[in-house]
Amino acid sequence: MAARSPRLREKAEVLDTAALDRALTRIAHEILERNGGAKDLTFVGLRTRGVTLAQRLAAKIAAIDGASLPVGALDITLYRDDLDSMHGAPVVRATEIPFSIKDKTVVLVDDVLFTGRTIRAALDALIDLGRPKMIQLAILVDRGHRELPIRPDYIGKNLPTSRREAVAVRLTEHDGEDRVVIEEPEEG
Amino acid sequence: MGWTRKDLVTIRELEAAEILTLIDTAASLQEIAGREIKKVPALRGKTIVNLFYENSTRTRTSFEIAGKWLSADVINFSASGSSAAKGESFVDTARNIAAMSPDVVVVRHSASGAPALLAKALPCAIVNAGDGAHEHPTQALLDLLTIREKKGHFDGLSVAIVGDIAHSRVARSNIHGMRKLGMTVTVAGPPTLIPPYAQELGCKVSYRLEDAIRDVDVIMMLRLQQERMHAGLIPSLREYSRYWGLTLDRLAAHARPDVLIMHPGPVNRGVELSPEVADGPYSVILDQVAKGVAVRMAVLLLLAGGRSAEGPSQ
């Protein structure tokens, strides 16, 4: 049976609605600046919230630059390095990348960067789908504690955390609000 | 709902939510078939044994491809040319294979209940790939996935299953699955091929093809095996075909214009299905085959990926 995770309570708000939107706007500008425009750019978001963030970044770039960039969705379950130690059977959601990533610059998007293991799996999964010219990493919240040599190219917010805390990215499409909060276990 | 079972032996014992977990996982895995490199690392280092005591091309190949696309090592063991031919008992053979620590044994056997026996006897996961006239769970799952993809949902759909219901494990697994998912099922065929317990399974029974196919959403035609004629259950293939063969004329006269025609294969062209129907626009027979690999990947992944809740896996 799955280990019961402790109940969490909200400790602090890290980004409110306006700050979250500003962070995404800045990242969109940084992406355009770093790549000298939107040519050959594609977005791939990690399920679930990374996809939503990727769609928002694409919409921002469309508003700034007029370019309509493709957005794909990547599920990394089949590439996880901890499948064997998970409790119960894996839950697989579909990978939907309906465009070729060959020779493109792929901006990989996720909500929180923590150990880096998810991104390691995502890099393997992406490269199985084709050979992109370059992969860049955009992250809304980098909370540290890396276990692999992985570094994001675009960061919404650097947030030093302790391991026992959790970072919750809440997005309107999934959670009814745009907010990032730190949560900590309720003492029992 | 997650998946917690060690084995997949019957559809009958599953809850609707478990069936949906299998189908949803299969739907997610379908995309792999369209990739240039059809391989994901999920079952790296796992061993799958295909233990087939009955001839099968489609099902065995489908399990083999499914295992290989998930990066498992797949070993085929067929009863001919093996120790079974030298008189070793079924369970002894299986125990010997189990001693080599496979993670999954996929078994097909002419005896109903053989997979259930193995599931009790062996610590590894057992998948029923067809046992006697009992069940063929993965076939039912791929049929259900095909139906959902074409119709968009299950609830309230009506299905006619036509042919040799009494001897069909495909029919039994499908009936259980369809009933659990809220579909109505009519079984139809000559009285000698309709089992006495059809109504207990929650099916309507029809003895006329024209009545059975009227206004249903799905028609599933079953293969008529020639042995049934030799056993005296039908007078001749020709007569069977005349009364129970699905032709374009019959479809046009009695069925809905958006009906799906399914068949688990292999098709006896000109017996239960006319070639124009088998190859026609209503037919989803090849969709079913394509879904077979995704469904078997889902089953193997749910059973062998992740640590089993029940027992230690080697």
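The structure presented is a predicted model; accordingly, all values stated were derived computationally and were not measured.

A closer look at the overall build of chain B
- Scanning chain B from N- to C-terminus turns up 12 helices and nine strands.
- Taking 20 Å as the expected radius of gyration for a compact globule of 314 residues, we find that chain B reaches 19 Å, a close match to that expectation.
- For chain B, the C-alpha atoms occupy an extent of roughly 55 × 45 × 35 Å along the three principal directions.
- Considering only contacts within chain B whose residues lie at least 6 apart along the sequence, 75% involve residues at least 24 apart.

Quick look at unusual backbone geometry
- The linkage connecting R47 of chain A with the following residue, T48 of chain A, adopts the cis geometry, with an omega of 0°.
- Along the chain, T48 of chain A falls in the loop between β2 (41-46) and α2 (49-65).
- In this chain, G265 of chain B is followed by P266 of chain B through a cis amide linkage whose omega measures -10°.
- Note that P266 of chain B resides in the loop between β9 (260-262) and α11 (275-278).
- Backbone geometry places D40 of chain A, a non-glycine residue, at a positive phi of 60°.
- Of note, D40 of chain A is situated in the loop between α1 (17-35) and β2.
- Residue classification places D40 of chain A among the partly exposed residues on the basis of 14 C-beta atoms within 10 Å.
- Even without a glycine there, the phi angle at H145 of chain A is positive, about 65°.
- Here H145 of chain A shows up in the loop between β5 (134-142) and β6 (154-158).
- Residue H145 of chain A is classed as partly exposed on the basis of its 13 C-beta neighbours within 10 Å.

A closer look at the pairing of strand β8 (residues 218-221) of chain B
All names here are of chain B.
- Side chains of β8 alternate between two faces, with V218 and M220 and I219 and M221 buried alike.
- In this sheet, β8 lies alongside strand β5 (residues 158-162) in parallel orientation, the contact comprising four bridges. Its bridge partner being in β8, V162 is matched across the sheet by M221.
- Relative to β9, β8 is paired through three bridges, and the arrangement is parallel.

Let's talk about the nonpolar core
- L57 of chain A together with V105, V162, I219 and L300 of chain B are the most contacted members of the largest nonpolar core, which has 153 residues in total.
- If one sorts the elements of this core by residue count, helix α12 (residues 285-304) of chain B sits on top with 11 residues.
- Both domains that furnish three or more residues to this core are identified here as domain 1 (16-135 + 292-304) and domain 2 (137-289) of chain B.
- Excluding its chain neighbours within four sequence positions, the residues that come into contact with V105 of chain B are V49, L51, A94, I97, L118, L122, C124 and I126 of chain B.

Here's the deal with the domain arrangement of chain B
All names here are of chain B.
- Along its sequence, chain B is organised into domain 1 (16-135 + 292-304) and domain 2 (137-289).
- Using only C-alpha atoms to locate each centre, domain 1 and domain 2 end up separated by 26 Å.
- Of the residues lining the interface, 19 residues belong to domain 1; the matching set on domain 2 comes to 18 residues.
- Only α1 (16-29), β4 (125-131) and α12 provide two or more residues apiece to the side of domain 1 that touches domain 2.
- Looking at the side of domain 1 that touches domain 2 element by element, the count peaks at six residues for α1.
- For the side of domain 1 that touches domain 2, the class distribution of residues is 10 nonpolar, five polar and four charged.

Calculation rules
Residues numbered from 1 in each chain as written. Chains lettered and ligands numbered in written order. Predicted model: local features only at pLDDT ≥ 70, side-chain atom pairs only at ≥ 80, totals over all residues. Helix = DSSP H or I, 4+ residues; strand = E, 2+ residues; numbered from the N terminus. Rg over C-alpha atoms; globule rule 2.2 N^0.38 Å. Contact = placed C-beta atoms within 7 Å. Buried ≥ 20, exposed ≤ 12 C-beta atoms within 10 Å, placed from the backbone. Pairing = 2+ DSSP bridges. Core = buried A, V, L, I, M, F, W, Y, C linked by C-beta atoms within 7 Å. Domains from an automatic or database assignment. Nonpolar A, V, L, I, M, F, W, Y, C, P; charged D, E, K, R; others polar.

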